Amino acid sequence: MLFGIQTPTQKPWPELAAQWTWLEDLGFDSLWLADHYVPPFRLDGPIFEPWTLLAGLALVTERVRLGVLVSCNTFRHPPLVAKEAVTVDHISGGRLEFGLGAGWFEPEHAMFGIQFPSNAELIGRFREAVEICNLLFTQDITNYDGEYYQVREAPFRPAPLQARLPFTLGAHRPKMMRIVARYADRWNSTGSLAEMAERNTILDEACLEIGRDPGAVLRSHLYVPAILPDEHPWDSAEAFRDFAGRLREIGITEAVLQPPVGIAAAQVELIARTADELRSR
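The structure displayed is predicted, hence computed values, not measured ones. (Residues numbered from 1 in each chain as written. Predicted model: local features only at pLDDT ≥ 70, side-chain atom pairs only at ≥ 80, totals over all residues. Heavy atoms only, no water.)

> In this structure, what is going on with the side chain of Gln 162? I would like to understand it.
Relative to the elements of secondary structure, Gln 162 occurs in the loop between strand S7 (150–155) and strand S8 (167–170). On the basis of relative accessibility, which here comes to 14%, the residue Gln 162 falls in the buried class. Within the structure, Gln 162 has its side chain in polar contact with the side chain of Asp 89 (distance 2.6 Å). Once you skip the residues sitting within four places of it in the chain, Gln 162 turns out to touch Arg 65, Asp 89, Gly 94, Arg 95 and Leu 96. (Helix = DSSP H or I, 4+ residues; strand = E, 2+ residues; numbered from the N terminus. Buried < 20%, exposed > 50% of the residue type's maximum accessible area, 1.4 Å probe, protein only. Polar contact = N/O pair within 3.5 Å; in protein donor to acceptor, adjacent residues only side chain to side chain. Contact = heavy atoms within 4.5 Å.)

Next up, the structure:
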């Protein structure tokens, strides 16, 4: 198992920087930010933009893998997010995990005047964005003629620092899973373990349809306390072991967890030690 943490982006910068340094020292494998204009569960709260924040956090960490889980495709033109990603990859010394999702939280779109397309268009834009980013990351000059995006003789320099910039794609349903199956190094989703098991099977089938080994895609779960109020992995070492074990039983090999609001530092340290025990088995 791999274990990561997704931290809120609402704290003041000095607190966020200190938090990431501390979490890295505790041994977590990856650290992530969410991508929102407003906090989904507190619409009037403060929040930072994640890609610029991630660049700063890359400079206060040294080892941990980092990324945006996941960057919302409706917020940025694909070549822009590709440029942001490569910039952070260089700043971090090649530690970026490139996360991208179609977009889902409609209220923030309405608040800030951003078009929220139909489901079919969301999926179509997401597919084209993934294809464009993949091309930009892997070749010097890119042309792309899509329904939603066009790229003409576009140079992409510098290239990513990593030979392969890993794709983390967020998806829940079959049409999105077919995009994941073709391009993702990691698939991430949130929801109940029953939902995750069903989606995991759909991804297996989508991989087999195109002749890709399903084992080539890392399976990752994002635990959000507000989404899974009946799960309590932070409560104790035993609860964490139980949660991780049930994820493993359904084929999920990475747990990315949001800490509950107000959790004590000692409890986070306990979970970090427990994660280290599980990782070494």
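Moving on, there is more to tell.
> Is there a simple way to explain unusual backbone geometry in this structure?
Negative phi is the rule for most residues except glycine; trans is the rule for most peptide bonds. Between Leu 69 and Val 70 the backbone carries a cis peptide bond, its omega angle lying at -15°. Inspection of the secondary structure assignment puts Val 70 in the loop between strand S3 (65–68) and strand S4 (71–72). Each neighbour pair has its own omega, and for Arg 157 with Pro 158 the value is 0°, a cis peptide bond. Looking at the element boundaries, Pro 158 is found in the loop between S7 and S8. For Glu 153, which is not glycine, the phi torsion reads 45° and is therefore positive. For Glu 153, the location among the structural elements is in strand S7. Residue Glu 153 is classed as exposed on the basis of its relative accessible area, which comes to 56%.

> Help me out: how do you make sense of the pairing of strand S2 (residues 30–33) in this one?
Sheet faces and side chains relate simply in a regular strand, where the side chains alternate between the two faces. The alternating pattern of S2 places Ser 30 and Trp 32 on one face and Leu 31 and Leu 33 on the opposite face, and all of these are buried. As paired strands, strand S1 (residues 2–7) and S2 are joined by four bridges and run parallel to one another. Pairing of Thr 7 across the sheet is with Leu 33, part of S2. You can see the chain leave S1, run along helix H1 (residues 13–25) and come back into S2, and the turn it takes is right-handed. Taken together, S2, helix H2 (residues 50–59) and S3 form a β-α-β motif whose crossover is right-handed. (Pairing = 2+ DSSP bridges. Right-handed = clockwise from strand over helix to strand, strands pointing away.)

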